[in-house]
Amino acid sequence: MYNNFQDYLTQEIQGIKDAGLYKNERIITTPQSAAIKVQGDIEVLNFCANNYLGLADSKVLVEAAKKALDARGYGMSSVRFICGTQDLHKELEAKIARFFGTEDAILYAACFDANGGVFEPLLSEQDAIISDALNHASIIDGVRLCKAQRFRYANADMEDLEKQLIAAKDCRFRLICTDGVFSMDGNVAPVDKIYALAQKYNAMVMVDESHSAGVVGRTGRGTTELYNLAGQVEIITGTLGKAFGGAVGGFTTGKKEIIEMLRQRSRPYLFSNSIPPMIAASGIAMFDLIDKTNELQDKLHSNTEYFVAKMKAAGFDIKPTQSAICAVMLYDAKLSQDFASKLQDEGIYVTGFYYPVVPKGQARIRVQVSAAHTVEHLDKCVNAFTKIGNQLGVLK
Ligand SMILES: *Cc1c(COP(=O)(O)O)cnc(C)c1O
């Protein structure tokens, strides 16, 4: 029986390769950081991690995890509601809610699970989910699992959102959902305008702060800090896998009745293992750290400003960004791949993105700035871009 299926898979995989879409994984042999080594003992500066605050190799977080390993063991071997809840899990949930100015929080194994489990327990056939067209795959999948009617609006297009809100006006409840930062462009969702439209049309708002938490807003509290909406937005989801240490883990935070219902009915929470104690402990240490000092957030903001200004001055076409994502537009798919590969030869590790990850003819290199980068790192990156840009005729 497997033979036919094997042939089928072999052909499909060849198709992926022929289309130039096959993903190869580069192997890192050091901790995740600004400066890393990849297999072959090659040193590169990393500009493509979600390590926005540079905490992925933080001594403070590693120490907190080690201490928890000794004090609370390795794993929980249980879902939360049976016997998978330690004091650490409750403490981390409280820290998350405090950080965002919300009422309560619930942990998941990943933000993919938080988004997968947020819609179905809350909404049904009589309700409407109104979703930004560029929302993350996990939101799209979560919406698919829910029976609510689906409406979609063009990316950050408030005229279109208003149209969809009008189309959904006869539904019982309306929930607008959006990424806080869109990961391919780096633009921030206009959550202020979304919230105003939600008020006008009696809708609720959910923001996925995965790329904005730790990054956007003066103290990194995300889009609700940027727009003075802390505690207003009904639902926030986020990850511990990006700015917040980069290990693993996700959460939903917001109105307390919503969180209470998720604990009763959210399937990825009810039927999946509790996060390990060391992850909860390092999460707690992480919030304590970024609460105590704004140093990392300040550094990230000044690094991003510096980098974007230098790239623009060098003549590159940069998408307008309000985050730590800097999309260097090259438009041509092959050019984006050649450019990225030549940058790696210069010791700069970045990824080129092209269709279908971004629209056709919109190929780009996405640079992600980190608080862990030094000015020397940033200069080295800009210089390498400039060198290759001249070589490949991108800069005139
Ligand atoms: C990365 C990301 C996720 C997934 O987070 P994990 O915790 O890695 O599962 C979800 N939503 C958005 C917008 C993301 O960028």
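The paragraphs below set out a description of the structure included in this document. (Residues numbered from 1 in each chain as written. Predicted model: local features only at pLDDT ≥ 70, side-chain atom pairs only at ≥ 80, totals over all residues. Heavy atoms only, no water.)

### Some words on the sheet that holds strand β11 (residues 348–349)
- Spatially, β1-β2-β11 is the arrangement adopted by the three strands of the open sheet, whose pairing is mixed. One side of each edge strand has no neighbouring strand; the edge strands of this open sheet are β1 (35–38) and β11.
- Direction of pairing for strand β2 (residues 42–46) relative to β11: parallel, over a ladder of two bridges. Its bridge partner being in β11, asparagine 46 is matched across the sheet by tyrosine 349. (Pairing = 2+ DSSP bridges. Helix = DSSP H or I, 4+ residues; strand = E, 2+ residues; numbered from the N terminus.)

### Digging into the nonpolar core
- Phe244 and Phe385 are the most contacted members of the largest nonpolar core, which has 88 residues in total.
- Element by element, the count of residues in this core is highest for helix α12 (residues 277–292), at nine residues.
- Residues in contact with phenylalanine 244, not counting those within four places in the same chain, are Phe99, Phe100, Ala213, Gly214, Thr239, Phe251, Met286, Phe287 and Ile290.
- Residues Tyr108, Val118, Cys146 and Tyr269 belong to the second largest nonpolar core, which totals 20 residues. (Core = buried A, V, L, I, M, F, W, Y, C linked by side-chain atoms within 4.5 Å. Buried < 20%, exposed > 50% of the residue type's maximum accessible area, 1.4 Å probe, protein only. Contact = heavy atoms within 4.5 Å.)

### A closer look at the packing of aromatic side chains
- Per the counting criterion, the structure on display carries twelve aromatic pairs.
- Arranged with centres 5.6 Å apart and planes meeting at 90°, the rings of phenylalanine 99 and phenylalanine 244 form a pair that is edge-to-face. You can see phenylalanine 99 sitting in helix α4 (residues 87–100) and its partner phenylalanine 244 sitting in the loop between β8 (235–239) and β9 (250–254), a full 145 residues away along the chain. The two residues phenylalanine 99 and phenylalanine 244 agree in class, both being buried.
- The aromatic ring of tyrosine 22 is capped on one face by lysine 17, whose charged end is 4.8 Å from the ring centroid.
- Positioned above the aromatic ring of tyrosine 355, the side-chain terminus of lysine 360 is 4.2 Å from the ring centre. (Phe/Tyr/Trp six-rings, centres within 6.5 Å; stacked < 30°, edge-to-face > 60°. Lys NZ or Arg CZ within 6 Å of the ring centre and 35° of its normal.)

### Side note on unusual backbone geometry
- A cis geometry characterises the amide bond from tyrosine 355 onward to proline 356, with omega recorded as 10°.
- Unlike most non-glycine residues, asparagine 202 shows phi in positive territory, near 55°.
- With respect to the secondary-structure elements, asparagine 202 resides in the loop between α8 (191–200) and β7 (204–208).

### Here's the deal with the sheet that holds strand β5 (residues 149–153)
- What the seven strands build is an open sheet, ordered β3-β9-β8-β7-β6-β4-β5; its pairing is mixed. Only two strands of the sheet have a single neighbouring strand rather than two, namely β3 (104–108) and β5. Ignoring which end each strand starts from, the neighbouring axes of this sheet average 20° apart.
- In this sheet, β8 lies alongside β7 in parallel orientation, the contact comprising three bridges. (Axes fitted to C-alpha atoms, helices over the stretch in contact; angles between N-to-C directions.)

### Brief notes about the site of the ligand
- If you check the shell around the ligand, you find 13 residues, and the closest are Cys111, Asp208, His211, Thr239 and Lys242.
- Between the ligand and aspartate 208, the relevant distance is 2.6 Å, taken from a nitrogen atom to a side-chain nitrogen or oxygen of the residue.
- The contact in question runs from a nitrogen atom of the ligand to an N or O atom on the side chain of serine 210, over 3.4 Å.
- Surface burial for the ligand is 83%, taken as the share of its 390 Å² of free accessible area covered by protein chains. (Near = heavy atom within 4 Å. Polar contact = N/O pair within 3.5 Å; in protein donor to acceptor, adjacent residues only side chain to side chain. Areas by Shrake-Rupley, 256 points an atom, 1.4 Å probe, with all protein chains shown as cover.)

### Some points on the pairing of β2
- Strand direction decides the pairing type here: β1 and β2, joined by four bridges, are antiparallel. Note on β2: the bridge partner recorded for lysine 37 is glutamate 43.
- The hairpin formed by β1 and β2 contains three residues between the paired strands, and glycine 40 there has a positive phi angle of roughly 100°.

### Section: the pattern of salt bridges
- The full count for this structure, using the stated rule, is 20 salt bridges.
- Notably, a salt bridge pairs aspartate 288 with lysine 95, separated by 2.7 Å at the nearest N-O pair. Of the two residues, aspartate 288 is situated in helix α12 and lysine 95 in helix α4; the sequence distance between them amounts to 193 residues.
- Residue lysine 95 is classed as buried on the basis of its relative accessible area of 16%.
- Measuring nitrogen to oxygen at the nearest pair gives 3.8 Å for the salt bridge that ties aspartate 104 to arginine 263. Taken together, the positions of aspartate 104 in strand β3 and arginine 263 in helix α10 (residues 256–265) put the pair 159 residues apart, joining distant regions of the chain.
- Judged by its relative accessible area of 24%, aspartate 104 is partly exposed.
- The buried category is assigned to arginine 263, whose relative accessible area is 16%.
- Salt bridges sharing common partners tie together Arg80, Lys90, Glu93, Asp104 and Arg263. (Salt bridge = Lys/Arg side-chain N within 4 Å of Asp/Glu carboxyl O.)

These figures come from the coordinates and say nothing about function on their own.
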